[in-house]
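Chain residues, written in single-letter form:
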Amino acid sequence: MNHPDYNSPAALKALLDESGMSMQKKFGQNFLINGAARKRLTDSLDVSGGMSVWEVGPGLGSMTEEILMRGANATVFEIDRGFVKMLNGFFAQYLRQGNLRIIEGDVLKTWKTVLEKDGTPQRFFGNLPYNIAAALIADTIEQDVRFDRAVVTVQKEVAQRMSAQPGTGDYSSFSILCQWAYDVQPLMDLAGGNFWPRPNVDSRAVILTRKTDFPCCANKALFMKMQRALFVSRRKNIRNNLTMFLADGDKTAYALEKAGIDPSLRAESLSIGKLLELSDILNAGILQL
């Protein structure tokens, strides 16, 4: 089966019409029709021959083609059965050679099974559907899975949260998770016109590079639970949120004093380093006082 012209909305629409298919809004489907942007994304992924790559939401395979042409072994996660059928046709040779595997279904439900079987891939790529982007990225980090390098295209607001700094409105528990596990580097912004159908929001591509000094704390599970708890109620100060987490005001007061943290501050004012320090204080015995 011949590949469509990935840069032509008319060609893509004609292919879908001929196949009796249509784009499904519930899956957040938007094709990147800018060939130069696709090449830049693949270049940033830094793929070489024999590398293992996961791709989420391949659609009709425009990025899959770029990845496979560079000699990588790709596992792609696609929820749309119609697209799965087309991918099987477009990439039949790679499937026969064992360089491509297609996982059908919701990636949020399937990625862990693939991980258990194959281990962590060297690269991760995705033009991620807006409705699952943050959940998928956070889920992998919380499950102690970090990719050597990941390139993701997400809604611009999600990307801003990923790289947000303390004291800003976008700084959140999600910001901390991303920057704790990775060096987060914005790559490029993509206005709606780079996609078909054209979305109503702008996108941003982000490079995530695995941090070598991770996790910088004594108890990863405790740190994740604590930092989430501190952002449960953003309007409340650190003392109130930490007291709810520890269920003990005296423990809270002692821990904050030992960490040198003003209890009247909000969690959004604390750096990752200070949060890691607080986590280690709790881990060192405060929880047992």
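Peer 1: How should the pattern of salt bridges be read in this particular structure?
Peer 2: A side chain of one charge can pair with a side chain of the opposite charge when the charged atoms of the two come close. By the definition in use, this model includes 15 salt bridges. The partner of Lys13 in a salt bridge is Asp17, with the nearest N and O atoms 2.9 Å apart. With Lys13 and Asp17 both in helix α1 (residues 9-18) and four residues apart, this pair spans about one turn of that helix. Residue class for Lys13 comes out partly exposed when judged on its relative accessible area of 43%. When salt bridges with common partners are traced through the structure, they connect Lys39, Asp43, Glu66 and Arg70 into a single cluster.

Peer 1: Got a minute to help me understand unusual backbone geometry in this structure?
Peer 2: A negative phi angle characterises most non-glycine residues, just as the trans form characterises most peptide bonds. Note that the residue after Trp196, namely Pro197, is joined by a cis bond; omega there is -10°. Relative to the elements of secondary structure, Pro197 occurs in the loop between β8 (195-196) and β9 (203-210). The omega torsion of the bond from Phe214 to Pro215 falls at 10°, within 30 degrees of zero and hence cis. For Pro215, the location among the structural elements is in the loop between β9 and α10 (220-230). Even without a glycine there, the phi angle at Asp46 is positive, about 60°. On the secondary structure map, Asp46 appears in the loop between α2 (35-45) and β2 (52-56). Although it is not a glycine, Ala247 sits at a positive phi angle of roughly 60°. Residue Ala247 is classed as exposed on the basis of its relative accessible area of 68%.

Peer 1: So what exactly am I meant to see when it comes to the packing of helix α7 (residues 133-142) against helix α9 (residues 173-181) here?
Peer 2: A pair of packed helices is captured by two measures, namely the crossing angle of their axes and the spacing between those axes. Their axes nearest at 10 Å, the elements α7 and α9 cross at an angle of 50°. With respect to α9, the axis of α7 lies oblique. Handedness of the crossing formed by α7 with α9: left-handed. Every residue of α9 that contacts α7 at Ala134, Ile137, Ala138, Ile141 and Glu142 is listed here: Phe174, Leu177, Cys178, Trp180 and Ala181. Considering only residue class, the contact of α7 with α9 consists of nine nonpolar, no polar and one charged.

Peer 1: Just to check I follow, could you spell out the packing of aromatic side chains for this structure?
Peer 2: Here the distance between the centres and the angle between the planes together describe a pair of aromatic rings. Inspection of every chain in the model, using the stated rule, returns nine aromatic pairs. Look at Phe31 and Phe83: their rings are 5.6 Å apart centre to centre, the planes differ by 45°, and that puts the pair in the tilted class. Taken together, the residues span a long stretch of sequence, with Phe31 in strand β1 (residues 31-32) and Phe83 in helix α4 (residues 81-90) at a distance of 52 residues. Overall, the relative accessible area of 11% leaves Phe31 in the buried class. The exposure class of Phe83 is buried, given its relative accessible area of 1%. Every member of this aromatic cluster is reached through a ring pair, and the members are Trp54, Phe77, Phe124 and Phe147. The positively charged end of Arg146 is found above the aromatic ring belonging to Phe214, 3.9 Å away from the centroid.

Rules used throughout
Residues numbered from 1 in each chain as written. Predicted model: local features only at pLDDT ≥ 70, side-chain atom pairs only at ≥ 80, totals over all residues. Heavy atoms only, no water. Salt bridge = Lys/Arg side-chain N within 4 Å of Asp/Glu carboxyl O. Helix = DSSP H or I, 4+ residues; strand = E, 2+ residues; numbered from the N terminus. Buried < 20%, exposed > 50% of the residue type's maximum accessible area, 1.4 Å probe, protein only. Axes fitted to C-alpha atoms, helices over the stretch in contact; angles between N-to-C directions. Parallel < 35°, antiparallel > 145°, perpendicular 65-115°, else oblique. Left-handed = near helix turned anticlockwise from the far one by under 90°. Contact = heavy atoms within 4.5 Å. Nonpolar A, V, L, I, M, F, W, Y, C, P; charged D, E, K, R; others polar. Phe/Tyr/Trp six-rings, centres within 6.5 Å; stacked < 30°, edge-to-face > 60°. Lys NZ or Arg CZ within 6 Å of the ring centre and 35° of its normal.

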